[in-house]
Amino acid sequence: MPSDSIEKLRAAVRDVPDFPKPGIIFKDITPILGNGKLFRVAIEAFLEQCRGQEIDKIVGIDARGFLFGSAVAYDLGVGFVPLRKKGRLPYRTESAKYSLEYGEAEMELHVDAIERGEKIVLIDDLLATGGTSASAATLIRKVGGVLLEAQFLIELEFLHGRQKLEGTPVVSFLKY
Ligand code: AMP
């Protein structure tokens, strides 16, 4: 992607200090979503990365991963699978726990969302410590998916999240 497009996206990301708790600088991507041109630039970045790969399904992480992942899946003409926080999916699920800064969280995937051997790209807005996407990777593999790659609009490199995704190629477009 041209570097001026990357810089336009970067300029639109809003830092919100102390959200959702003190000490966290939240990267707010709603200014990108709210601008038709920038939203398209962001989706194009993911699409460019997907081109040339044989992808069966996109898995998006609850909730901002849905916004980018579903648009990418639509354009590629492949299925979209939501990976949700515990208790939100109505049918039978596989689940994986992971640790947060304080305590634990759990992600779920419908047991029949991915067929054995299907090639998957995982999409979320942001890679921080990597706990969320590592549990997503575990779940995708647990139900038989082949995880080709994990893609993020933003990566907080200083948190070394990609180390938790060992064995999965990681791509991000805006690095901090
Ligand atoms: P982690 O499991 O630490 O990699 O956290 C990743 C998930 O939490 C993603 O779904 C992000 O949307 C969200 N997240 C974590 N840290 C931030 C942040 N500083 N700004 C915005 N979203 C964040």
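Bear in mind the structure is a predicted one, so any value in this text is a computation, not a measurement. (Residues numbered from 1 in each chain as written. Predicted model: local features only at pLDDT ≥ 70, side-chain atom pairs only at ≥ 80, totals over all residues. Heavy atoms only, no water.)

Some remarks on the overall build of the chain
The helix and strand tally for the chain stands at 5 helices and 9 strands. Shown N-terminal to C-terminal, the secondary structure of the chain runs as helices and strands in the order α-β-β-α-α-β-α-β-β-β-β-α-β-β. Since a compact globule built from 176 residues should have a radius of gyration of about 16 Å, the 16 Å found for the chain is in line with a globular shape. Within the chain, the fraction of its 176 residues that count as buried is 47%. In the chain, 56% of the contacts between residues at least 6 apart in sequence involve partners at least 24 apart. For the chain, the accessible surface area stands at approximately 9,100 Å², while carbon and sulfur atoms represent 52% of it. Mean positive and mean negative side-chain charge positions of the chain (23 and 25 charges, respectively) differ by 2 Å. (Helix = DSSP H or I, 4+ residues; strand = E, 2+ residues; numbered from the N terminus. Rg over C-alpha atoms; globule rule 2.2 N^0.38 Å. Buried < 20%, exposed > 50% of the residue type's maximum accessible area, 1.4 Å probe, protein only. Contact = heavy atoms within 4.5 Å. Areas by Shrake-Rupley, 256 points an atom, 1.4 Å probe, with all protein chains shown as cover. Lys, Arg positive; Asp, Glu negative; His and termini not counted. Charge placed at Lys NZ, Arg CZ, Asp CG, Glu CD.)

As for the pairing of strand β7 (residues 119-127)
Of all 9 residues in β7, 8 are buried, a share of seventy percent or more. When strand β3 (residues 57-61) meets β7, the two strands line up parallel, connected through 4 bridges. In the strand pairing of β7, Ile58 is matched with Val121. This β-α-β element, β7 to helix α5 (residues 131-142) to strand β8 (residues 146-155), shows right-handed connectivity. (Pairing = 2+ DSSP bridges. Right-handed = clockwise from strand over helix to strand, strands pointing away.)

Quick notes on the sheet that holds strand β6 (residues 104-110)
With mixed pairing, the 7 strands of this open sheet are ordered in space as β5-β6-β4-β3-β7-β8-β9. If you trace the sheet from one side to the other, it starts and ends with β5 (93-99) and β9 (170-175), each paired once. Sheet twist, expressed as the mean angle between neighbouring strand axes with direction ignored, is 20°. Where β8 meets β9, 5 bridges bridge the pair, whose relative direction is parallel. Paired with Ala150 across the strands is Val170, a residue of β9. With respect to the sheet, helix α1 (residues 3-12) is in contact with β8 and β9, its orientation differing from that of β9 by roughly 70°. In the packing of α5 onto the sheet, contacts are made with β3, β4 (79-85), β5, β6, β7 and β8, and the angle to β5 comes to roughly 150°. (Axes fitted to C-alpha atoms, helices over the stretch in contact; angles between N-to-C directions.)

Things to note about the site of the ligand
Near the ligand, the surroundings consist of 13 residues, among which Arg64, Asp124, Thr129, Gly130 and Thr132 are the closest. Within the side chain of Arg64, one N or O atom sits 2.7 Å away from an oxygen atom of the ligand. With respect to the ligand, the backbone of Gly130 contributes an N or O atom lying 2.7 Å from an oxygen atom. Expressed as a share of its isolated accessible area of 490 Å², the protein-covered part of the ligand is 84%. Only β2 (25-28), β7 and α5 provide two or more residues apiece to the shell around the ligand. Of the residues that constitute the shell around the ligand, the class distribution is 5 nonpolar, 4 polar and 4 charged. (Near = heavy atom within 4 Å. Polar contact = N/O pair within 3.5 Å; in protein donor to acceptor, adjacent residues only side chain to side chain. Nonpolar A, V, L, I, M, F, W, Y, C, P; charged D, E, K, R; others polar.)

A look at the packing of α1 against helix α3 (residues 36-50)
Axis separation between α1 and α3 bottoms out at 10 Å; the angle between their running directions is 120°. On the basis of their axis angle, the class for α1 and α3 is oblique. Crossing geometry of α1 relative to α3 is assigned as left-handed. On the side of α1, the interface is formed by Ser5, Lys8, Leu9 and Ala12, while α3 contributes Leu38, Val41 and Ala42. (Parallel < 35°, antiparallel > 145°, perpendicular 65-115°, else oblique. Left-handed = near helix turned anticlockwise from the far one by under 90°.)

Considering the nonpolar core
Counting residues in each nonpolar core, the largest one holds 28 residues, and the members touching the most others are Ile32, Ile58, Phe68, Val72, Leu153 and Ile154. Breaking this core down by element, the ones donating at least two residues are α1, α3, α4 (64-76), β7, β8 and β9. With 7 residues, α3 is the single largest residue contributor to this core. Residues within four places of Ile154 in sequence aside, it is in contact with Val13, Lys27, Ile29, Asp125, Leu126, Leu127, Ser172, Leu174 and Tyr176. Listed in part, the 24 residues of the second largest apolar core include Leu83, Ala105, Ile114 and Leu122. (Core = buried A, V, L, I, M, F, W, Y, C linked by side-chain atoms within 4.5 Å.)

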